[in-house]
Amino acid sequence: MDFETIKKRISEKFPSVEFEEFRNQLSARINKADLLDFMKFLKEDKDLHFDYLTDITGVDYLKMEREPRFDVVYHLYSFKNNVRLRVKCGVPEDDLDVPSLTPLWGAANWLEREAFEMFGFNFVGHPDLRRLLLPDVFDGFPLRKDYPLRGRGERDVILDLK
Amino acid sequence: MAQPSYEIKTDQMILNFGPQHPATHGTLRIVLELDGEVVKKAEPHIGYLHSGFEKLGEYKTYNQWITLSDRMNYLSSLANNIGFAEAVEQLIGIEIPERAKYIRTILAELTRIADHMVWVGTHALDIGAFTAFLYAFEAREHLYNLFEHVCGARLTTSYTRIGGLMRDVPEDFEDMVKWFLGYFPNTLKELHGLLTRNRIWMDRTRGVGYLSREDAINCGVTGPVLRGSGVAYDVRRNFPYLIYDRLDFEIPVCDDGDVYSRYLVRMEELVQSMRIVEQALKDLPDGPVNYFDHKYTLPEKEKVYDTIEGLIHHFKNIMPGHGFNVPEGDIYVATEAPNGELGFYIVSDGTNKAYRLRVRPPSFVNYSCFDKMVRGNLVADVVAVLGSLNIIAGELDR
């Protein structure tokens, strides 16, 4: 299945989706309100059948001065068509709620926990949204662009522990 | 007289497994909820080796980050080097010379063998079969000597560069690989003899850590775990990179979904890796190993000393704050590392450093369904399942 067919099939159902092609990879941008429906459609549609969630991550566009500030990035794969699709969803700084994909994929559980602790997205509907790699008392979101490489961070946490 | 009751009353108990435990091969901690000896719930606590490689990727140039990729899965560092270099090369849009492709393929497969040797040795050791460990580690030792000969280091290889390799392989590389190909089948035979139809091994691994096909897809597992659950997905076949589309090899699949089937898949992968190395070695072409445009790769030393262009390119590549710029955009490139799909998602803002560097580690996703696999099994099986996943803590936590 080529990109044109995928685009056509998605546009029939979700006309607001914007597509982008770079280096022979297809990305779809969806607004936050439709994200869960869109993912459900991608997963369950008989033609597209993107039934495999490869990755969830975030990007902070603070230094590129773009609105909204964050992107949640999903990578999907379809066993049936052997094709990948990247789904991006903009998240503004003042509203970090993102619908959780845990009802659709078990893989979303840890990946969303990691995205939460690194960027601070609040995945609504996640059964167990705790920090995963960092200590529970850790303050701040390390992969945000305003979090420095050194300095703030660990030192404050250690003081708190005392 | 009342009949005595033989039912043993058991209590719910919490057992802390790790963070330091010989069977975890790294710092992992699992909190097990037990009922007698049966696992009711397993909650992995990870992050003891978190080193912030993704954050560091935003502060290091692309070539500098290669040294960090060694430290992720330190048993298959060459596979990480290759995966990262492939991703950046595709983002720039350059194609490396044929010889570099062949060498990368050979080394990727030899790394797979080395990684699987550590896996089979320690996995068997955890379950109680000591002898297999000795055979496996002897083979690994030969491979590590080979890597040392090629890259100068055994574990932290850092062999690839963006656009090619650190240097060409030494003259006797082909002979060494050929010698290994002649030596290795015997090791494999010994391992099969020690384990495959071994009654204790089969009892300990069959039906343990079951993961159904649906669960495997739903949980996003990759590599031998996914193929051990009956899904024939391999990045080398589904999205061929390097020279994999020209080679003749098979993707082993086993339907049972237990520890034993993952064992069988990995053992068969060793044979396929040998086939790949053999074919690649046969047509290994001559020529340069670095991309011709020295904007991206270091020029040869003669050019640096004798020509002004070479000197400029050399300094541009080496000096801090310089280096090549990468076009603006984002890309996701996956390669098949020994543990599964190793993906790199790179966002570039057009400078010489990545704006965002995301590593999709196979161990992390494979480990996330650990609870599903061990629930209802015995405590001793936890170690068997852990061994079958081949979790590497450095890659898990990054």
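## Structural notes on the overall build of chain A
No. 1: Counting its secondary structure elements, chain A contains four helices and seven strands.
No. 2: In chain A, the succession of helices and strands from N to C terminus is α-β-β-α-β-β-β-β-α-β-α.
No. 3: Its C-alpha atoms give chain A principal-axis dimensions of roughly 60 × 35 × 25 Å.
No. 4: Here chain A displays about 7600 Å² of accessible surface, and carbon together with sulfur accounts for 49% of that area.
No. 5: Taking the average place of the 26 positive charges on the side chains of chain A and the average place of its 31 negative ones, the gap between the two points comes to 3 Å.

## Brief notes about the side chain of N73 of chain B
No. 1: Relative to the elements of secondary structure, N73 of chain B occurs in the loop between α2 (62–70) and α3 (77–92).
No. 2: Apart from residues lying up to four places away in sequence, N73 of chain B is in contact with N80, D115, N339, I392 and E395 of chain B.

## Quick look at the confidence of the model for chain A
No. 1: Averaged over all residues, the pLDDT of chain A is 85; the fraction at 70 or higher stands at 93%.
No. 2: Of all helices and strands in chain A, the one with the weakest mean pLDDT is helix α4 (residues 154–161) of chain A (50), whereas strand β4 (residues 70–78) of chain A scores best (91).

## Focus: the packing of aromatic side chains
No. 1: Under the definition given, this model contains 35 aromatic pairs over all chains.
No. 2: Here F14 of chain A and F38 of chain A contribute two aromatic rings whose centre-to-centre distance is 5.1 Å and whose plane-to-plane angle is 80°, an arrangement assigned as edge-to-face. On the criterion of sequence distance, the pair formed by F14 of chain A in the loop between α1 (3–13) and β1 (18–22) and F38 of chain A in helix α2 (residues 35–44) is long-range, its members being 24 residues apart. You'll find F14 of chain A and F38 of chain A in the same group, each marked buried.
No. 3: Their ring planes at 85° and their centres at 6.0 Å tell us that W65 of chain B and F344 of chain B sit as a pair that is edge-to-face. Placement of W65 of chain B in helix α2 and of F344 of chain B in strand β7 (residues 340–348) is noted, with a sequence separation of 279 residues between them. The same class applies to W65 of chain B and to F344 of chain B, which are both buried.

## Focus on the confidence of the model for chain B
Detailed reading of the predicted coordinates is not advisable wherever pLDDT is low.
No. 1: Of all residues in chain B, 97% have pLDDT values of 70 or greater, and the mean over the chain is 87.
No. 2: Per the prediction output, this complex has pTM 0.90; the corresponding ipTM is 0.90.

## Points about the packing of α2 of chain B against α3 of chain B
Residues and elements named next belong to chain B.
No. 1: Taken N-terminus to C-terminus, the directions of α2 and α3 make an angle of 155°; their axes are 8 Å apart at the nearest point. With respect to α3, the element α2 is oriented roughly antiparallel. Crossing angle aside, the handedness with which α2 passes α3 is right-handed. Contact with α2, carried on its side by Y62, W65, I66, S69 and D70, involves S77, N80, N81, F84, V88 and L91 of α3 and no other residues of that element.
No. 2: Here the contact of α2 with α3 is composed, by residue class, of six nonpolar, four polar and one charged.

## Observations regarding the sheet that holds strand β2 (residues 25–30) of chain A
Residue and element names in this part refer to chain A.
No. 1: If you walk across this open sheet you meet the five strands as β1-β2-β5-β4-β3, and the pairing is mixed. Because the sheet does not close on itself, it has two edges, and the strands there are β1 and β3 (52–60). Adjacent strand axes in the sheet meet at a mean angle of 25°, parallel and antiparallel pairs treated alike.
No. 2: The pairing of β4 with strand β5 (residues 83–91) spans nine bridges and is classified as antiparallel. Looking at the pairing, F70 lines up with V91 of β5.
No. 3: On top of the sheet, helix α3 (residues 108–119) reaches β3 and β4; it is set at about 5° to β3, its chief contact.

## Some words on helix α13 (residues 308–318) of chain B
All names here are of chain B.
No. 1: Buried residues of α13: G310, H314 and N317, and no others. Buried residues of α13, viewed axially, fall in a sector of 70°; they line one side. Turned more than 90 degrees away from the buried face of α13 sit I308 and E309, all of them exposed.
No. 2: The N-capping residue of α13, defined by a side-chain oxygen 3.1 Å from the backbone nitrogen of G310, is T307.

## Focus: the interface of chain A and chain B
No. 1: Contact with chain A, which involves 48 residues of that partner, is made by 50 residues of chain B.
No. 2: Here chain A packs against chain B, burying approximately 3900 Å² in sum over the two surfaces, 57% of which is carbon and sulfur.
No. 3: Remark: the boundary between chain A and chain B carries eight salt bridges.
No. 4: Counting only elements with at least two residues in the side of chain A that touches chain B, the list comes to β1, β3, β4, β5 and α3 of chain A.

## Details of the nonpolar core
Side chains that are nonpolar tend, in soluble globular proteins, to be buried together.
No. 1: Core analysis: the largest hydrophobic core is formed by 152 residues, its most contacted members being L42 and Y74 of chain A together with L110 and Y367 of chain B.
No. 2: At 15 residues, the largest contribution of residues to this core is made by helix α4 (residues 98–127) of chain B.
No. 3: Of all hydrophobic cores here, the second largest spans 28 residues; its members include Y62, I66, L68 and F324 of chain B.

## Let's talk about the pairing of strand β3 (residues 38–45) of chain B
All names here are of chain B.
No. 1: Across seven bridges, the pairing between strand β2 (residues 29–35) and β3 is antiparallel. Counterpart to R29 in the pairing with β3 is H45.
No. 2: In textbook terms, the turn of a hairpin is the stretch between consecutive antiparallel strands, and for β2 and β3 this stretch comprises two residues, one of which, G36, has a positive phi near 65°.

## Observations regarding the pattern of salt bridges
No. 1: Tallied over the full model, the rule gives 44 salt bridges over all chains.
No. 2: With a shortest N-O distance of 2.8 Å, D128 of chain A and R130 of chain A are connected by a salt bridge.
No. 3: Among the residues examined, D128 of chain A registers a relative accessible area of 27% and is labelled partly exposed.
No. 4: Residue E250 of chain B pairs with R275 of chain B through a salt bridge whose shortest N-O separation is 3.8 Å. Here the residue E250 of chain B occupies a position in the loop between α10 (235–238) and α11 (259–282), and R275 of chain B occupies one in helix α11, the gap between them amounting to 25 residues.
No. 5: Assessed through its relative accessible area of 47%, E250 of chain B is described here as partly exposed.

## With respect to the sheet that holds β2 of chain B
Residues and elements named next belong to chain B.
No. 1: The strand order across the open sheet formed by three strands is β1-β2-β3, and the pairing between neighbours is antiparallel. Unpaired on one side and paired on the other, β1 (12–17) and β3 mark the two borders of the sheet. On average, adjacent strands in this sheet sit at an angle of 20° to one another, irrespective of strand direction.

## What to know about the packing of α1 of chain A against α2 of chain A
Residue and element names in this part refer to chain A.
No. 1: Axis separation between α1 and α2 bottoms out at 11 Å; the angle between their running directions is 135°. With respect to α2, the element α1 is oriented oblique. In the crossing of α1 with α2, the sense of the turn from one axis to the other is right-handed. Taking contact as the criterion, the partners of R9, I10 and K13 in α1 are, on α2, F38, F41 and L42.
No. 2: In terms of residue class, the contact of α1 with α2 is made up of four nonpolar, no polar and two charged.

The rules behind each value
- Residues numbered from 1 in each chain as written.
- Chains lettered and ligands numbered in written order.
- Predicted model: local features only at pLDDT ≥ 70, side-chain atom pairs only at ≥ 80, totals over all residues.
- Heavy atoms only, no water.
- Helix = DSSP H or I, 4+ residues; strand = E, 2+ residues; numbered from the N terminus.
- Areas by Shrake-Rupley, 256 points an atom, 1.4 Å probe, with all protein chains shown as cover.
- Lys, Arg positive; Asp, Glu negative; His and termini not counted.
- Charge placed at Lys NZ, Arg CZ, Asp CG, Glu CD.
- Contact = heavy atoms within 4.5 Å.
- pLDDT = per-residue confidence, 0-100.
- Phe/Tyr/Trp six-rings, centres within 6.5 Å; stacked < 30°, edge-to-face > 60°.
- Buried < 20%, exposed > 50% of the residue type's maximum accessible area, 1.4 Å probe, protein only.
- Axes fitted to C-alpha atoms, helices over the stretch in contact; angles between N-to-C directions.
- Parallel < 35°, antiparallel > 145°, perpendicular 65-115°, else oblique.
- Left-handed = near helix turned anticlockwise from the far one by under 90°.
- Nonpolar A, V, L, I, M, F, W, Y, C, P; charged D, E, K, R; others polar.
- Pairing = 2+ DSSP bridges.
- Arc of directions from axis to C-beta.
- Polar contact = N/O pair within 3.5 Å; in protein donor to acceptor, adjacent residues only side chain to side chain.
- Buried area = accessible area lost by both parts, 1.4 Å probe.
- Salt bridge = Lys/Arg side-chain N within 4 Å of Asp/Glu carboxyl O.
- Core = buried A, V, L, I, M, F, W, Y, C linked by side-chain atoms within 4.5 Å.

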